[in-house]
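The chain contents come next:
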Amino acid sequence: DPDQPSRVEHSPAASVDDLPQWMRESTELLLAALEHSSDDAPCWTWWGEPRTCGAVARHQVQEAAMHRWDEETAVGNASPVDAAVADDGVGEFLEIILGSAANTFLGSVSLLSDDTGGEWIVGDQRGPHAVVRASASDLVLLLYGRLPDSAVEVEGDAALLRELLDSADTD
């Protein structure tokens, strides 16, 4: 039922020492569920549409990429998010996290990936405009609040970029 999350009997980790094994088991449960479902099979999602197994699989790739980056940053050696994953992550962020909030801008923001060639335009192109250039990794990390605005090149109305970032709920 895509309207209700399904429940799987899976007890929480008993201690901090048990967390790695618990995470492996949790990942195996998720992978098994996704491998036995078609991409277009109905599935509960916390974000609403699209409510499919393929959308959940796509989002889990993004979750894993962000958490890997966070963990590496915590120990001081973060490597960029894989370019293809990051490129898809920008699109997914705009579709799922930003969603209809993009329709409220009184201007537009163009996000340009200088390593993948990805290009996304958010907002009303008839108003003021900002162009943001960076690697796909830096763009997706910026969108998810991992990098500051100063980490990317911004031309035009920088306030529009701030508006875009502030309108997305990434908590």
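Residues numbered from 1 in each chain as written. Predicted model: local features only at pLDDT ≥ 70, side-chain atom pairs only at ≥ 80, totals over all residues. Heavy atoms only, no water.

A.B. asks: Provide a residue-level description of the overall build of the protein, including the pertinent values.
C.D. replies: For the protein, the helix and strand inventory stands at five helices and four strands. Written out in order from the N terminus, the α and β elements of the protein read α-α-α-β-β-β-α-β-α. For the protein, with 171 residues in total, the buried portion stands at 35%. Sequence-distant contacts, at least 24 apart, represent 44% of the contacts inside the protein between residues at least 6 apart. For the protein, the exposed area adds up to about 10,000 Å²; of that, 52% sits on carbon and sulfur atoms. The centroid of the 9 positive side-chain charges in the protein is displaced by 3 Å from the centroid of its 33 negative side-chain charges. (Helix = DSSP H or I, 4+ residues; strand = E, 2+ residues; numbered from the N terminus. Buried < 20%, exposed > 50% of the residue type's maximum accessible area, 1.4 Å probe, protein only. Contact = heavy atoms within 4.5 Å. Areas by Shrake-Rupley, 256 points an atom, 1.4 Å probe, with all protein chains shown as cover. Lys, Arg positive; Asp, Glu negative; His and termini not counted. Charge placed at Lys NZ, Arg CZ, Asp CG, Glu CD.)

A.B. asks: An account of the environment of Gly156 is needed here, citing residue identities and associated values.
C.D. replies: Tracing the sequence through the fold places Gly156 in strand β4 (residues 153-156). Considering only alpha carbons, one finds Gly156 and Ala102, 54 residues apart in sequence, at a separation of 18 Å. The residues contacting Gly156, other than those within four sequence positions of it, are His129 and Ala130.

A.B. asks: With reference to specific residues and values, describe the nonpolar core.
C.D. replies: One finds Leu98 and Leu111 to be the most contacted residues of the largest nonpolar core, which totals 42 residues. Elements with a minimum of two residues in this core: α2 (53-74), α3 (83-98), β1 (108-113), β2 (119-123), β3 (129-134), α4 (136-143) and α5 (158-167). Ignoring sequence-local partners within four residues, the contact set of Leu98 consists of Phe93, Phe105, Val122, Leu164, Ser167 and Ala168. (Core = buried A, V, L, I, M, F, W, Y, C linked by side-chain atoms within 4.5 Å.)

A.B. asks: Which residues make up unusual backbone geometry, and what values do they have?
C.D. replies: Of note, the bond from Glu49 into Pro50 is cis; its omega dihedral lies within 30 degrees of zero at -5°. Along the chain, Pro50 falls in the loop between α1 (19-35) and α2.

A.B. asks: An account of the packing of aromatic side chains is needed here, citing residue identities and associated values.
C.D. replies: Applying the stated criterion across every chain, the model contains two aromatic pairs. An angle of 90° between the planes, with centres 5.3 Å apart, marks the rings of Trp46 and Trp47 as edge-to-face. Ring geometry for Phe93 against Tyr144: centres 4.9 Å apart, planes inclined by 80°, an arrangement best described as edge-to-face. Here Phe93 is found in helix α3, whereas its partner Tyr144 is found in the loop between α4 and β4, with 51 residues between them in sequence. When sorted by exposure, Phe93 lands in the same class as Tyr144, which is buried. (Phe/Tyr/Trp six-rings, centres within 6.5 Å; stacked < 30°, edge-to-face > 60°.)

A.B. asks: Provide a residue-level description of the sheet that holds β1, including the pertinent values.
C.D. replies: Read from one edge to the other, the open sheet built from four strands follows the order β2-β1-β3-β4, with strand pairing classed as mixed. Each edge of the open sheet carries a strand with a single partner, namely β2 and β4. The average undirected angle you get between the axes of adjacent strands in this sheet is 15°. (Pairing = 2+ DSSP bridges. Axes fitted to C-alpha atoms, helices over the stretch in contact; angles between N-to-C directions.)

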